[in-house]
Amino acid sequence: MKIGVLTSGGDSPGMNAALRAVVRSAISGGHEVLGIRRGYTGMIEGGPSMQRMGWSDVAGILQRGGTILGSARSQEFRQPAGRRQAALNLVQCGIDRLVVIGGDGSLSGAQLLHEEWPSLLAELVERGDLTAEQATLHPHLGVVGLPGSIDNDLPGIDVSIGSDTALHRIVEAVDRIFSTADSHQRIFVVEVMGRRCGYLTLMASLATGAEVAILPESPPGPGWEEVLCQKLAAARKAGRRASIVLLAEGARDSLGAPITVNQVKDLLETRLHEEVRITILGHVQRGGAPTAFDRNQSTILGAAAVEALGKVGEPVLIGLHGNQASPTPLKDCLRRSLAIDQALKDGNQERAIELRGPHFVRALSTRKILGRIEPTGPTGETFRIAVMHAGAPAPGMNMAVRASVRLLVDQGHTVLGIRRGMKGLVEGDIAELRWMDVSGWSSIGGAQLGTNRRVLSGHDLYAVARHLEHFQVQGLLIIGGLTAYQTAETIRANENHYPSFAIPVICVPATIDNNLPGSDFSIGADTALNSIVEVVDRIKQSAVASRRCFVVEVMGRECGYLALTSALATGAERVYLPEEGIEIERLLQDLRGFSAGFQSGRRVGLAIRNECANPLYTTHFIASLFEEEGKDEFDVRQAILGHLQQGGDPTPFDRTLAVRLTAGACEKLLELCKTRQALSLGVGLQAGRTDFTDLCVLDHLLDPGRGRPRTQWWLPLRELMRKLAQRE
Ligand code: ADP
């Protein structure tokens with residue numbers, strides 16, 4: 001195949017990673033790729049704007065924001081004559097397969113070009129610009145679209161390229177604004193990108209705990225000004241020193257009148273007599289290095305795009321559904337996008353929200369509860385639910401506790417916080433957690449409730465049973481790692497001996513290792529991954545000046561998730577996983593690979609080793625072996641990243657995952673309490689949906705003798721990582 005690839009419309013971080021994957025996957029498959037500069041502008045210009053791309057043309061771009069191909073908005077392409085010229089240039093270059101990385105505008109253009117292709121070619125033949133033979137060689141234009149838009153406004157896929165990075169920028173900014181607002185008792189009105197889609201505003205408000213979020217999909221009704229003022233006045237009365245109002249660019253009231261930051265500021269200053277400040281985040285949201293998630297999703301999607309081009313058919317949009325790349329007919333996706341725009345124009349918000357998909361619907365309703373200033377109060381039978389951690393701290397744990405307290409207390413249930421994990425459970429260190437006790441917990445890393453790695457032993461059970469009875473605990477939520485799951489199983493196994501154990505228990509997966517059964521992702525892993533990726537980017541940069549190979553050790557225990565996903569996100573050439581172990585033969589082969597790379601001009605080498613990949617072939621051993629055998633060709637340094645991977649403020653992904661999983665867990669726990677079912681379940685995200693796993697059979701779910709699930713969805717990514725990182 002001869003493939004043309006372009007980035008078009010608004011740029012988004014991760015486009016480069018997608019381009020790298022398209023180019024390298026195509027070359028590995030024996031195809032030819034031409035990079036088209038500045039979107040459709042370059043396609044119309046032709047000539048030097050459409051150039052063949054080689055393996056090394058996309059080296060070192062994974063971590064770069066923007067797009068090295070450049071992007072543009074082309075008015076000419078909107079005209080039939082412009083598209084005819086574009087078709088002529090494509091045929092003259094022999095291209096009849098296109099990968100378009102862009103937003104809904106760019107993808108609409110691609111769909112149109114595909115549909116018009118036969119008639120454009122016929123016109124070109126008629127005009128004498130092409131011969132009939134040239135046209136018959138390219139009867140069909142294959143099109144694959146990749147969703148490149150920070151707004152995440154394309155329906156039918158989980159998330160578009162760049163929106164995770166944009167959320168990082170927004171959440172970092174709001175966290176900082178919050179700390180200054182808090183010191184000065186101020187209200188901040190923050191404008192977030194998103195003219196026709198409130199995804200960024202919605203997710204940022206969930207992640208930061210902002211009191212108010214105004215988005216195009218849920219415009220406030222008449223009299224909203226009064227409601228807003230009352231809410232913020234009530235917040236101050238309830239003890240909040242600072243308040244944040246997040247406003248999407250495209251925010252409107254229910255009559256369709258735009259709501260601007262200045263209008264909100266004037267309103268609040270006049271009515272509340274408070275100091276109000278405005279921050280318009282603007283292009284800061286678009287720029288900078290892509291997050292680990294954006295790099296990896298772009299890489300997965302780019303490789304899948306080349307595969308999809310092999311099939312002749314209607315244009316498709318490749319997007320993530322759960323953790324897998326899968327195609328949707330582009331036409332359907334664009335049709336749905338137009339339907340959303342129309343619904344918003346017609347003031348039919350319910351329809352617009354429904355078309356955005358179930359995840360958006362749920363996030364919106366959870367946000368409504370979490371953004372309340374005070375709980376609503378009981379609506380039915382109420383229960384006493386205890387919440388605790390188990391295992392090592394993981395960033396996002398606090399968010400999970402905050403969400404559980406707010407969601408449960410809102411309905412009048414009592415939440416009991418068990419401090420210091422298993423120790424607190426054994427010693428009865430238990431106290432009620434109220435609505436405001438978890439205020440400000442969204443952004444804090446670590447575990448405010450306290451946690452430790454202690455596992456329940458037989459001696460502890462009597463004490464635990466007594467405390468559960470004394471505090472009349474009717475349901476238990478354990479947010480943590482494998483220890484949490486083992487505790488849930490122990491409680492179930494002993495319920496015949498201790499009547500107070502006959503309560504439902506739900507585990508919420510929270511560990512940086514991502515080694516828990518029943519969930520594709522655990523809370524904390526994304527933060528750890530980003531911490532690794534940031535450090536490795538720096539390490540790679542430091543090594544550019546000298547020919548140097550780095551061996552980086554990352555955490556993960558018996559699970560290679562962090563090692564593999566960080567290798568994929570940083571373009572590491574080698575990765576050592578506990579799932580594969582390390583053999584000396586392979587180390588020698590890798591050594592030869594590095595040597596050959598440095599001989600042919602490579603300046604940096606990178607190998608990532610999971611801490612448990614092999615007990616004897618340690619990071620130090622591998623670095624020494626490479627150093628000794630690398631002779632004068634290159635030198636070697638090791639970096640053991642250690643606890644920096646466990647700390648840090650949780651990323652937006654981990655915060656929103658915490659909210660999503662906890663919301664699911666609380667709902668299920670209450671259902672089990674109501675129906676008096678004493679089950680132990682683990683909540684998880686499976687293929688993009690919240691699901692539950694019975695923990696009675698924990699042993700069957702785990703790899704025998706290893707602390708990791710029997711099946712791990714990410715293992716097939718090994719091939720992709722190796723394919724893209726090898727030399728041409
Ligand atoms: P995005 O792709 O980020 O949504 P735009 O809406 O600006 O950005 O679209 C990018 C480019 O795609 C436009 O400048 C134009 O060249 C092309 N394009 C957009 N919509 C159409 C359309 N309906 N028909 C033809 N080309 C289009």
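Structure shown above.
In this text the structure is predicted, and so the values were computed from the model without any measurement.

Peer 1: Is there a simple way to explain the sheet that holds strand S20 (residues 635-640) in this structure?
Peer 2: By way of backbone hydrogen bonds, the strands of a sheet pair with one another, either parallel or antiparallel. Read from one edge of the open sheet, 4 strands run S18-S19-S17-S20, paired in parallel fashion. Of all the strands in the sheet, just strand S18 (574-576) and S20 have a single pairing partner and so form its edges. Ignoring strand direction, the axes of neighbouring strands in this sheet form an average angle of 15°. Across 3 bridges, the pairing between S18 and strand S19 (residues 604-610) is parallel.

Peer 1: So what exactly am I meant to see when it comes to the site of the ligand here?
Peer 2: In the vicinity of the ligand lie 14 residues, with Arg73, Ser74, Gly103, Gly105 and Ser106 positioned nearest. Residue Gly10 places a main-chain N or O atom 3.1 Å away from an oxygen atom belonging to the ligand. The separation between an oxygen atom of the ligand and a polar main-chain atom of Gly105 is 3.0 Å. Relative to its unbound accessible surface of 550 Å², the ligand loses 82% to contact with the protein. With 5 residues, helix H4 (residues 104-126) is the largest single contributor of residues to the shell around the ligand. Tallied by class, the residues present in the shell around the ligand amount to 3 nonpolar, 8 polar and 3 charged.

Peer 1: Explain the sheet that holds strand S12 (residues 384-390) here, please?
Peer 2: Read across the sheet, 7 strands follow the order S14-S13-S12-S15-S16-S21-S22 without closing on themselves; strand pairing throughout is mixed. Sheet topology places strand S14 (430-433) and strand S22 (689-694) at the edges, where each strand pairs with a single neighbour. Within the sheet, the average angular offset between the axes of one strand and its neighbour, ignoring direction, is 30°. Two elements, S12 and strand S15 (residues 475-480), share 6 bridges in a ladder whose sense is parallel. Residue pairing in the sheet places His389 in a bridge with Ile479 of S15. On top of the sheet, helix H14 (residues 397-410) reaches S12, strand S13 (414-418), S14 and S15; it is set at about 180° to S12, its chief contact. Where helix H17 (residues 482-493) meets the sheet, it contacts S12, S15, strand S16 (505-509) and strand S21 (680-686), and its direction lies at approximately 170° from that of S16.

Peer 1: Explanation requested: the packing of aromatic side chains in the structure shown.
Peer 2: The way to describe two aromatic rings as a pair is by their centre distance and the angle between their planes. Within this structure, the stated rule accounts for 10 aromatic pairs. Taken together, a centroid distance of 4.6 Å and an interplanar angle of 15° make the contact between Phe598 and Phe634 stacked. In this pair, Phe598 sits in helix H20 (residues 584-599) while Phe634 sits in the loop between helix H21 (619-630) and S20, placing the two residues 36 residues apart along the sequence. For the pair Phe598 and Phe634, a shared accessibility class is recorded, and that class is buried. Through successive ring pairs, a cluster of aromatic residues spans Phe293, Phe521, Tyr561, Phe653, Trp713 and Trp714. Residue placement shows Lys668 over the ring face of Phe692; its charged tip is 5.2 Å from the ring centre.

Peer 1: In this structure, what is going on with the pairing of strand S6 (residues 187-192)? I would like to understand it.
Peer 2: For a regular strand, the rule is simple: side chains alternate between the two faces of the sheet. S6 sits mainly inside the fold: 6 of its 6 residues count as buried. Here S6 shows a buried face lined by Ile187, Val189 and Glu191 and a second buried face lined by Phe188, Val190 and Val192. Bridging between S6 and strand S8 (residues 243-248) involves 6 bridges; their strand directions are parallel. Residue pairing for S8: Val189 is matched across the bridge by Val245. As defined by bridge partners, S6 adjoins strand S9 (residues 276-280) across 5 bridges and the pair is classed as parallel.

Peer 1: Would you explain unusual backbone geometry in this entry?
Peer 2: Note on backbone geometry: most residues besides glycine have negative phi, and most peptide bonds are trans. Phi is positive for Asn152, which is not a glycine, with a value near 55°. One can find Asn152 in the loop between strand S5 (142-147) and helix H6 (163-184). Relative accessible area serves as the criterion here: at 8%, Asn152 is assigned to the buried category. The phi angle at Arg676 is positive, at roughly 55°, despite the residue not being glycine. Following the sequence through the fold, Arg676 ends up in the loop between helix H22 (652-674) and S21. You can call Arg676 exposed: its relative accessible area is 58%.

Rules used in this analysis
Residues numbered from 1 in each chain as written. Predicted model: local features only at pLDDT ≥ 70, side-chain atom pairs only at ≥ 80, totals over all residues. Heavy atoms only, no water. Pairing = 2+ DSSP bridges. Helix = DSSP H or I, 4+ residues; strand = E, 2+ residues; numbered from the N terminus. Axes fitted to C-alpha atoms, helices over the stretch in contact; angles between N-to-C directions. Near = heavy atom within 4 Å. Polar contact = N/O pair within 3.5 Å; in protein donor to acceptor, adjacent residues only side chain to side chain. Areas by Shrake-Rupley, 256 points an atom, 1.4 Å probe, with all protein chains shown as cover. Nonpolar A, V, L, I, M, F, W, Y, C, P; charged D, E, K, R; others polar. Contact = heavy atoms within 4.5 Å. Phe/Tyr/Trp six-rings, centres within 6.5 Å; stacked < 30°, edge-to-face > 60°. Buried < 20%, exposed > 50% of the residue type's maximum accessible area, 1.4 Å probe, protein only. Lys NZ or Arg CZ within 6 Å of the ring centre and 35° of its normal.

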